[in-house]
Amino acid sequence: SAGGAAADASAADAALTRSTGGAVAWRPVPSFAINLDLAPEQRYVGVATRFNSSIWRFYDKLFAHDAALTNALYAMVDKRGPEPDSVMRGEIEGIVATTRLPAKFVQGVQALYELQTLMVPVVNGSSRQDPLPRRYRALESWPLRGPGCTGIVATNTADGTVVHARNMDLAPVKLFAPLVYEGVFTRNGSVVFRAEMVAGYVSLLTGYRPGASGYVVERNTRYPAHKGGNREMLDNLLEGVPLSGWTLRRMIESISTYDEAQAKVQSAHFVATEYVVMSGVRRGHIIARDPASVAHLSTLGPSAYVIVTNFDYWWHDVREYLDPTGGHLGLPRRVAAQRILNASLNTGLALTPGLLNATIS
């Protein structure tokens, strides 16, 4: 309708106005070199020293005084055993030695993205998700909250380039924001990849592998769409399946091309349901993962952009409409973002980096 089009255009104008400054403007974060030639135990000494007080504040506010939660987390770590990759074990040990935090906490919190899938207690529709065994049930009150993640990959019609925009769903913001930094991972003096990192966490959240066939990879929480999904995730954790973010971290270290990386994302065994958003030279994909298979694939090209938040909207996931972060209940973030993107396209605007930043802000 004309009224709807005007409202969408107004939303686009407001988004562009917001992007020029104010509370939603970009904030620079510190950058640290992570030397992959060092022993794993030494790689994060500088980061852990710089962020030590913020990491301790995070632990103290969310975990130290919650005996039920920490007991459940430590029980999970005990059952899981040491991480299967010796490199990951070494990096965790280095953080523990530098910060003097409990070793089981540092290992356990590496599963933060997997455990965040417990946040929504229902599957698509009205069925409640399966409860965890009593020993681990306190993990259902996992304090790292969302949802809030949005990933957009778009073709900028002004020059044909691909633009990738994302924001994070990690909260409480006051505790997470002081932990965020850019990691510049080097080997033999050259940059291998850059990553958005959280101090104390060694896996990948968002990463950029430069090169002619390079790529960007992003992780988004995806809540289980079937009854039994919570238990499947927990069983994978307890059985020692490599954490999904660590699989992606090792991938971006060793794989330099988009095609090989996409194949890895689609074939690797994951611990939990998850979205992996990828972009490269004139291409992009959203890969909705189940632990053992690909549930859905969206490809940039037929449309000017692909988008995902935390819900399978292509299968009409009604839980999306209970998320208030689009402005109010009944207005999902994804719908609010698409109104801006579609209005911009309808008025002839290119999907530039500035417009996408405005959209996710």
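Residues numbered from 1 in each chain as written. Predicted model: local features only at pLDDT ≥ 70, side-chain atom pairs only at ≥ 80, totals over all residues. Heavy atoms only, no water.

### Considerations on helix α12 (residues 333-346)
- Taking 1.5 Å per residue, 14 residues should reach 20 Å; α12 reaches 20 Å between its end C-alpha atoms and fits that length.
- The buried count for α12 comes to 10 of 14 residues, which makes it a mostly enclosed element.
- By the burial criterion, the buried members of α12 are Arg333, Arg334, Val335, Ala336, Ala337, Gln338, Ile340, Leu341, Ala343 and Ser344. (Helix = DSSP H or I, 4+ residues; strand = E, 2+ residues; numbered from the N terminus. Expected span 1.5 Å × (residues − 1). Buried < 20%, exposed > 50% of the residue type's maximum accessible area, 1.4 Å probe, protein only.)

### Comments concerning the sheet that holds strand β2 (residues 150-155)
- Overall, antiparallel pairing links the three strands, which are arranged β3-β2-β11 in an open sheet. The open sheet terminates on both sides in strands that have one partner only, identified here as β3 (162-167) and β11 (305-308). Each adjacent strand pair in this sheet contributes to an overall mean axis angle of 5°, direction not counted.
- Direction of pairing for β2 relative to β3: antiparallel, over a ladder of six bridges. Across the sheet, Ala154 pairs through a bridge with Val163, a residue of β3.
- Strand contacts of helix α13 (residues 353-360): β2 and β3, with the helix running at about 25° to β3, the strand carrying the most contacts. (Pairing = 2+ DSSP bridges. Axes fitted to C-alpha atoms, helices over the stretch in contact; angles between N-to-C directions. Contact = heavy atoms within 4.5 Å.)

### Re the pattern of salt bridges
- Taken as a whole, this structure holds 20 salt bridges when the rule is applied.
- The shortest N-O distance in the salt bridge between Arg222 and Asp290 comes to 2.8 Å. With Arg222 in the loop between β7 (215-221) and α9 (229-238) and Asp290 in strand β9 (residues 283-290), this pair connects stretches of sequence that are 68 residues apart.
- Classification of Arg222 as buried rests on a relative accessible area of 1%. (Salt bridge = Lys/Arg side-chain N within 4 Å of Asp/Glu carboxyl O.)

### Topic: unusual backbone geometry
- Phi is positive for Asn188, which is not a glycine, with a value near 55°.
- Counting through the fold element by element, Asn188 comes out in the loop between β4 (180-187) and β5 (190-198).
- Classification of Asn188 as exposed rests on a relative accessible area of 65%.
- Not every positive phi belongs to a glycine, and Arg282 is a case in point at roughly 60°.
- Relative to the elements of secondary structure, Arg282 occurs in the loop between β8 (274-280) and β9.
- Since its relative accessible area comes to 61%, Arg282 is described here as exposed.

### Here's the deal with the packing of aromatic side chains
- Under the defined criterion, the tally for this structure stands at 15 aromatic pairs.
- When the ring of Trp56 is compared with that of Tyr59, the centres are 5.6 Å apart and the planes differ by 85°; the resulting orientation is edge-to-face. Here Trp56 pairs with Tyr59, and both are found in helix α3 (residues 52-62), just three residues apart, close to one helical turn.
- Judged by relative accessible area, Tyr59 falls into the buried class, the value being 12%.
- Between Phe63 and Trp142, the aromatic rings sit 5.5 Å apart at their centres with planes inclined by 65°, giving edge-to-face as the arrangement. Taken together, the positions of Phe63 in the loop between α3 and α4 (67-80) and Trp142 in the loop between α7 (112-116) and β2 put the pair 79 residues apart, joining distant regions of the chain.
- The class of Phe63 is buried, set by a relative accessible area of 0%.
- One aromatic cluster in this structure is built from Trp56, Phe58, Tyr59, Phe63, Phe105, Trp142 and Phe176.
- Over the aromatic face of Phe51 sits the side chain of Arg50, whose NZ or CZ is 4.7 Å from the ring centroid.
- When the ring centre of Tyr113 is taken as reference, the NZ or CZ atom of Arg219 above it lies at 4.5 Å. (Phe/Tyr/Trp six-rings, centres within 6.5 Å; stacked < 30°, edge-to-face > 60°. Lys NZ or Arg CZ within 6 Å of the ring centre and 35° of its normal.)

### Observations regarding the side chain of Thr221
- Within the fold, Thr221 resides in strand β7.
- Within the local environment of Thr221, its side chain forms a polar contact with the side chain of Gln116, the two groups lying 2.8 Å apart. (Polar contact = N/O pair within 3.5 Å; in protein donor to acceptor, adjacent residues only side chain to side chain.)

### Some points on the packing of helix α5 (residues 86-99) against helix α10 (residues 244-254)
- One can describe the packing of α5 onto α10 by two numbers: an axis separation of 11 Å at closest approach and a directional angle of 105°. Taken together, the axis directions place α5 and α10 in an arrangement best described as roughly perpendicular. Residues Val87, Met88 and Glu91 of α5 touch α10, and the partners they reach there are Trp246, Arg249 and Arg250.
- Across the contact of α5 with α10, the residue classes tally to three nonpolar, no polar and three charged. (Parallel < 35°, antiparallel > 145°, perpendicular 65-115°, else oblique. Nonpolar A, V, L, I, M, F, W, Y, C, P; charged D, E, K, R; others polar.)

### Observations regarding the nonpolar core
- Core analysis: the largest hydrophobic core is formed by 78 residues, its most contacted members being Phe58, Phe105 and Leu139.
- Here the element with the most residues in this core is α4; it accounts for seven residues.
- In this structure, Phe58 is in contact with Phe63, Phe105, Val109, Leu144, Leu175, Phe176 and Leu179, ignoring residues within four places of it in sequence.
- Core analysis: the next-biggest nonpolar cluster, separate from the first, contains 12 residues, Ile152, Val163, Leu355 and Leu356 among them. (Core = buried A, V, L, I, M, F, W, Y, C linked by side-chain atoms within 4.5 Å.)

### A few points about the sheet that holds β7
- One open sheet accounts for eight strands, arranged β1-β4-β5-β6-β7-β8-β9-β10; its pairing is mixed. Of all strands in the sheet, those bounded by a partner on one side alone are β1 (31-35) and β10 (293-299). Shown here is a sheet whose adjacent strand axes are inclined to one another by a mean of 20°, direction ignored.
- By the bridge criterion, three bridges tie β5 to strand β6 (residues 206-209) in an arrangement that is antiparallel. Pairing of Ala195 across the sheet is with Gly207, part of β6.
- Against the sheet, helix α11 (residues 258-267) engages β7, β8, β9 and β10, with an angle of about 15° to β9.

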